[in-house]
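Chain and residue survey
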Amino acid sequence: LRARLPSWLPHQAVNYGLDLQGGSYLMLEVDLPAVQKEKAEGLLSDMTAALRKAGISFRDTEAKGDTVRLTVTDSGRYAEAKSLVQNLNPVMSASFTGSNRQYALTEPGGGTLVLKQTPAYAEQTRQQILEQSVNVVRRRIDELGTREPSITVQQPDRIAVEVPGLSDPARLKEILGKTAKMTFQLVDMNADQNAKTPPIGDEILPMMNQTAPKGAPQQTYILHRRIMVSGERLVDASAGFDSRTGSPAIQLRFDSIGARQFGDTTKANVGKPFATVLDKQIIQVANINEPILGGSAQITGSFSAEYANNIALLMRSGALPAPLNIIEERTVGAELGADSIKAGKVSAVAGLALVALFMVLRYGLFGIFADLALTLNLILLLAALTPLATLTLPGIAGIVLTLGMAVDANVLIFERIREEQRNGRGMLGAIDAGFKRAMATIFDANATHLIAALTLFELAQGPVKGFAVALFLGIITSFFTSVVVTRLIVITWLNIARPRTLTV
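Residues numbered from 1 in each chain as written. Predicted model: local features only at pLDDT ≥ 70, side-chain atom pairs only at ≥ 80, totals over all residues. Heavy atoms only, no water.

1. Here we look at the pattern of salt bridges
Evaluated as defined, the whole model comprises 20 salt bridges. Of the charged contacts in the structure, one is a salt bridge between R59 and D60, with a shortest N-O distance of 2.2 Å. R59 sits in the partly exposed class, given a relative accessible area of 43%. Of the charged contacts, one joins D255 and R233 as a salt bridge, the two residues approaching to 3.6 Å between their closest N and O atoms. Note that D255 is positioned in the loop between β13 (248-254) and α6 (256-268) and R233 in the loop between β11 (229-230) and β12 (234-241), a separation of 22 residues in sequence. What you see here is one network of salt bridges that share partners, running through E203, R225 and K280. (Salt bridge = Lys/Arg side-chain N within 4 Å of Asp/Glu carboxyl O. Buried < 20%, exposed > 50% of the residue type's maximum accessible area, 1.4 Å probe, protein only. Helix = DSSP H or I, 4+ residues; strand = E, 2+ residues; numbered from the N terminus.)

2. Concerning the sheet that holds strand β2 (residues 58-64)
Spatially, four strands are ordered β2-β3-β5-β4 in an open sheet, and the strand pairing comes out antiparallel. At either margin of the open sheet sits one strand with a lone partner, and together these are β2 and β4 (103-109). The mean inter-strand angle of the sheet, taken between neighbouring strand axes irrespective of direction, is 15°. With five bridges joining them, β4 and strand β5 (residues 112-117) adopt antiparallel strand pairing. The residue of β5 that forms the bridge with A104 is K116. With respect to the sheet, helix α3 (residues 78-88) is in contact with β3 (67-72), β4 and β5, its orientation differing from that of β5 by roughly 15°. (Pairing = 2+ DSSP bridges. Axes fitted to C-alpha atoms, helices over the stretch in contact; angles between N-to-C directions. Contact = heavy atoms within 4.5 Å.)

3. Description of the packing of helix α9 (residues 365-388) against helix α11 (residues 408-422)
In the contact formed by α9 and α11, the axes pass within 11 Å of each other and the chain directions differ by 155°. Here α11 runs roughly antiparallel to α9, going by the angle between their axes. When the axes of α9 and α11 are compared, the crossing they make is right-handed. Residues F366, G367 and A370 of α9 lie in contact with α11, whose contacting residues are N410, F414 and I417. Taken together, the residues that form the contact of α9 with α11 break down as four nonpolar, two polar and no charged. (Parallel < 35°, antiparallel > 145°, perpendicular 65-115°, else oblique. Left-handed = near helix turned anticlockwise from the far one by under 90°. Nonpolar A, V, L, I, M, F, W, Y, C, P; charged D, E, K, R; others polar.)

4. Comments concerning the packing of aromatic side chains
Counted according to the given criterion, the structure contains 11 aromatic pairs. When the ring of F254 is compared with that of F262, the centres are 5.1 Å apart and the planes differ by 25°; the resulting orientation is stacked. The same class applies to F254 as to F262, namely buried. For the pair F366 and F414, a centre-to-centre distance of 5.5 Å together with 85° between the ring planes defines the contact as edge-to-face. With F366 in helix α9 and F414 in helix α11, the pair connects residues that are 48 residues apart, well separated along the chain. The class for F366 is buried, based on a relative accessible area of 1%. Owing to a relative accessible area of 0%, F414 belongs among the buried residues under this scheme. Counting every residue linked through ring pairs, the aromatic cluster contains Y363, F366, F369, F414 and W493. (Phe/Tyr/Trp six-rings, centres within 6.5 Å; stacked < 30°, edge-to-face > 60°.)

5. Notes on unusual backbone geometry
The phi torsion of most residues other than glycine is negative, and most of the peptide bonds are trans. The phi torsion at D60 lies on the positive side, around 50°, for a residue other than glycine. Note on placement: D60 falls in strand β2. Using a relative accessible area of 46% as the deciding quantity, one classes D60 as partly exposed. In this structure, R498 takes a positive phi of about 45° despite not being glycine. Topologically, R498 is positioned in the segment after α13 (463-497).

6. Some words on the environment of A383
Mapped onto the secondary structure, A383 falls in helix α9. When the C-alpha atoms of A383 and K345 are compared, they prove to be 16 Å apart, with 38 residues separating the residues in sequence.

7. Section: the sheet that holds β12
Taken in spatial order, the three strands line up as β12-β13-β16 in an open sheet, and their pairing is antiparallel. Here the strands that pair on one side only, and so sit at the sheet edges, are β12 and β16 (296-300). Taking the axes of each pair of neighbouring strands and ignoring which way they run, one obtains an average angle of 20° across the sheet. Here β12 runs beside β13; their pairing, made up of seven bridges, is antiparallel.

8. So, the nonpolar core
Membership of the largest hydrophobic core comes to 41 residues, with the highest contact counts inside it found for F366, L385, F414 and I417. For this core, the secondary-structure elements that each account for two or more residues are α8 (334-363), α9, α10 (393-406), α11, α12 (427-459) and α13. Ranked by residues supplied to this core, first place goes to α9 with nine residues. Not counting residues within four places of it along the chain, the set of residues in contact with I417 comprises F366, A430, I431, G434, F435, L502 and V504. Ranked by size, the runner-up nonpolar core spans 29 residues in total, among them A180, V229, I288 and M315. (Core = buried A, V, L, I, M, F, W, Y, C linked by side-chain atoms within 4.5 Å.)

9. Section: α12
The end-to-end C-alpha distance of α12 is 48 Å, a good match for the 48 Å that 33 residues give at a rise of 1.5 Å each. The axis of α12 is deflected most strongly, by about 40°, at M439. The complete set of buried residues in α12 reads A430, I431, A433, G434, F435, A438, I442, N446 and A453. (Expected span 1.5 Å × (residues − 1). Bend = angle between axes of the 7 residues up to and from the residue.)

Below, the structure written as structure tokens:
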């Protein structure tokens, strides 16, 4: 039916939620301690580099959790070292006061300096990481072509993901389980590549090889920790094939800064091996034969075309600011959804029919007017739900409840008209007074319902929030139809029929 509608008419249908359509559900936990550790290691690296450059000796360096510790052995230059360390301690705002530093500096004695993340910075980091994670998760799911996913934050560090219509969550878990943090680092040619412990400033990373048999020993490389080019400088990534070998490849394109960094690195290190690293796993190690100045690069390796496509998808959507751990997984079958939809339709139609019948039996012609407004209310409510929300089973319950509550205002108006007639008012006077005097009560009743719906939406999670959305929209549409539309219908009837008596 929608396909036959003219192009200028709306074509969007109501989107079914997970409980109606079936699909996959994942509960993800953001690994905030990993972020704290990474930030602490980065700060420690900056501190040791600055002290070496200044020629100040130190020992006992440690980055553990959210705390950085080192001991200055040159007591004569302790004040200078402390000043260098504090200058490297970032600030939380534009105000360069000590209270706004990200890390609190303490001095236990013996030349030791300890920097610990402040509670304010920890909370700021948590909020930023959650917001960034939700955005990246949404982009990755959108890349899969899945429509209308539901992604909600559940405090303090969890993200609930519902993907209707996706019956196999295997690829979803693969896509969301990778941080996708890509870096380009140089191989340390002066280090013994077979060593078990890396030199200071280096790290040992394994080589990714999809074609190797399971359980085979992994090849490793010792790389400089310094990141020459970050994956944040990528503007596009696509999967393809190497024109020379025909093997799967990933085509990369950098922004202007990334292109300059990549060009400078390859120009200064011709003949040296250059590693492409994804989530602490080496994808490729290639010798730099000549400077690469165009801002584009290609990654080839021992991976499949599907893996190349997944990696390109991850790179396009951006890196997660923190690892996501899957702590709960559910798959909902479509059969339950079909039964729920059928039951929801029956309950909605039955509720509408019974309410309509009651209004006709109770108020006669005015009951028919109320039923017309009630039908329009249902149409407006579905129209509002279509672009704003995903319909769930609790949402259907909210719709049915709205149908029952929608005629409350009409009942108040019609009873007030009856009362005005009993007090001796004429036909037009009774109608006008009935609508005006019932308005205050109607407004108060709908206001209290709105407060309850907003409270549910703010405090609840999951299904209850879907119920709150349907209830909130239903209150607004029912107020409009009960007051404005019903009055318009009554006035139109008076102008056309011009009755001499009024029976409500």
